[in-house]
Amino acid sequence: MKNNSALIFFLLSPVLGIIEAFKNLKSCQARQALFLFCLCFGFCFCVGTQRIEGSADGISMRMEFEQNKGMSDVEFGNYISDYFDFDKGAQDIYIVTMSYLVGKITDNYHFFFLALAFVFAFFQLKCLKYFVKEENYSNSLICIILTCLFLWNNIYNINGARFWTASWVSVYCVFKIFHDQKPQYFLLALCLPMIHASYSVFPIILLLALFLQKYKKPLLILFCFSWVFSIIATDFNVQLPQWIELPFAMSRKFDFYTSEEYIDSLGKGTGFYWVSQFFKTVSRHFIEILILLISLHDKNVQNPKNLSIVRFMLILAIIANFGMIVPTFGGRFFVVNYALVAYSFLVTFGDSKYKELIYLLPFVWFMNLFYLFKHVTAVLDFGFVLPPIISFFRYLFI
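Residues numbered from 1 in each chain as written. Predicted model: local features only at pLDDT ≥ 70, side-chain atom pairs only at ≥ 80, totals over all residues. Heavy atoms only, no water.

Enquirer: An account of the layout of surface pockets is requested, with residue identities and associated values reported.
Expert: In this structure, the second largest pocket occupies an estimated 930 Å³ of space. Contributions of two or more residues to the lining of the second largest pocket are made by α2 (14–21), α3 (28–44), α8 (141–150) and α20 (366–379). With five residues, α20 is the single largest residue contributor to the lining of the second largest pocket. Class assignment of the residues belonging to the lining of the second largest pocket gives a composition of 23 nonpolar, three polar and one charged. (1 Å grid on protein atoms, 1.4 Å probe; cavity = no way out; pocket = protein on both sides within 12 Å on 5 of 7 lines; lining within 4 Å. Points joined across faces, edges and corners; volume = space filled by probe spheres on them. Helix = DSSP H or I, 4+ residues; strand = E, 2+ residues; numbered from the N terminus. Nonpolar A, V, L, I, M, F, W, Y, C, P; charged D, E, K, R; others polar.)

Enquirer: Pulling in residues and values, what's your account of unusual backbone geometry?
Expert: You will see that Gln181, though not glycine, has its phi angle at about 55°, which is positive. Position of Gln181 relative to the elements: it lies in the loop between α9 (161–179) and α10 (186–190). In this structure, Tyr354 takes a positive phi of about 55° despite not being glycine. Mapped onto the elements, Tyr354 comes out in the loop between α18 (338–349) and α19 (355–364). The class for Tyr354 is partly exposed, based on a relative accessible area of 28%. (Buried < 20%, exposed > 50% of the residue type's maximum accessible area, 1.4 Å probe, protein only.)

Enquirer: Account for a positive patch on the surface, naming residues and giving values.
Expert: Residues Lys26, Lys126, Lys129 and Lys133 make up a contiguous surface patch of positive charge. Among the structural elements, Lys126 can be located in helix α7 (residues 109–132). (Patch = residues over 30% accessible without salt bridge, like charges linked within 9 Å, V, L, I, M, F, W, Y side chains within 5 Å. Areas by Shrake-Rupley, 256 points an atom, 1.4 Å probe, with all protein chains shown as cover. Salt bridge = Lys/Arg side-chain N within 4 Å of Asp/Glu carboxyl O. Lys, Arg positive; Asp, Glu negative; His and termini not counted. Charge placed at Lys NZ, Arg CZ, Asp CG, Glu CD.)

Enquirer: Give a detailed account of the packing of helix α16 (residues 304–322) against α18, specifying residues and quantitative values.
Expert: In the contact formed by α16 and α18, the axes pass within 9 Å of each other and the chain directions differ by 140°. One finds that α16 runs oblique with respect to α18. Along this stretch, α16 crosses α18, giving a crossing that reads as left-handed. Contacts between α16 and α18 involve Asn306, Ile309, Val310, Phe312, Met313 and Leu316 from the first element and Leu340, Val341, Tyr343, Ser344, Val347 and Thr348 from the second. (Axes fitted to C-alpha atoms, helices over the stretch in contact; angles between N-to-C directions. Parallel < 35°, antiparallel > 145°, perpendicular 65-115°, else oblique. Left-handed = near helix turned anticlockwise from the far one by under 90°. Contact = heavy atoms within 4.5 Å.)

Enquirer: A description of the environment of Glu288 should follow, citing residues and the corresponding values.
Expert: By the element assignment, Glu288 lies in helix α15 (residues 272–296). For Glu288, a relative accessible area of 0% corresponds to the buried category. Here the alpha-carbon distance between Glu288 and Trp227, two residues 61 residues apart in the chain, equals 7.6 Å.

Enquirer: Give me the lowdown on the pattern of salt bridges, citing residues and values where you can.
Expert: Within the structure shown, the criterion is met by 11 salt bridges. Between Lys69 and Glu66 there is a salt bridge, and its shortest N-O distance comes to 2.6 Å. Here Asp180 and Lys176 are joined by a salt bridge, their closest N and O atoms 3.4 Å apart. For Asp180, a relative accessible area of 22% gives the class partly exposed. For Lys176, a relative accessible area of 11% gives the class buried.

Enquirer: Provide a residue-level description of helix α21 (residues 388–395), including the pertinent values.
Expert: Among the residues making up α21, those that are buried are Pro388, Ser391 and Tyr395. In an axial view of α21, the angular spread of the buried residues amounts to 55°, which keeps them on one side of the axis. Facing away from the buried side of α21, by more than 90 degrees, are the exposed residues Ile389 and Phe393. (Arc of directions from axis to C-beta.)

Rendered as structure tokens:
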């Protein structure tokens, strides 16, 4: 009964289910409850069809679903063909493919977000299993906070499903290639650009890590330099060399994210906005401190499989820091690294050293948690706390 308690609580309320699940994520049943919570979140995800400034990105995805759900087989085949021409403007095929597949069954957009949640949660839970099965993992408060860091890319991020789903797939590839030493998963990594175009660089990062991971001291020096560089990176005006020719879709995206107008817009705001930016900056540098501490003490890691993850974390941090020259690229990939930072801290220190730093994390996250609550309540109504069977019938015919 105790092992099944998270599932029982989930049947009463998804919120109660996830709270109970966090008490013992080593249990398979607890992780199943977490998976069901994600599915329920996806099915109850509510957005309109009018995009305005500050509204959820999920609105754009619903609009894509509404536009593509009636695609014929021939139209879908032509779309895929155009994508692989690399010069027709299609950046990826994930959302259109999901729209096409779900549209074959139903035109209810709640099932579309359910499908997005399924893929997202599947890879998230596959990665989480590596974390909770570590010998150092326990049900201590330290490990619960580290779990929150590991799961920072949470189910709300189906709101931006392309990048954040690709994030969990990429982390899964890292565990498979470096921890399990199964290089065939490099083939899965090659598919990542189909989910989000920016992951075209990820196979290159994997190859770099395979060759560079044994050079600890040069990597540490490079990390410190990249950390400083990331602070001033936005002062540089990035232009692609003329000899580099990107596909049209990627070139358009690169030009948008490196334009002066877009970069200036990231720094605009008054009053409360600057409080938010302050906490965001503190949070990033706090994680940088954790990365440095972990890397300086990685001799504590006895298992070479775990050490390879620690080194990959350091290499990804370096690339993300240098990538801050394109703020959206660097910032997003820095967050992708959160799961690996949590895992690396666990295998390096367990729950016995630098506890004070981990206890500070909830305070560092204060503003992030506030915005997460604000965003979640914008796409879910109070009915989400009711038994999931009620939610299912509420949205079945909408």
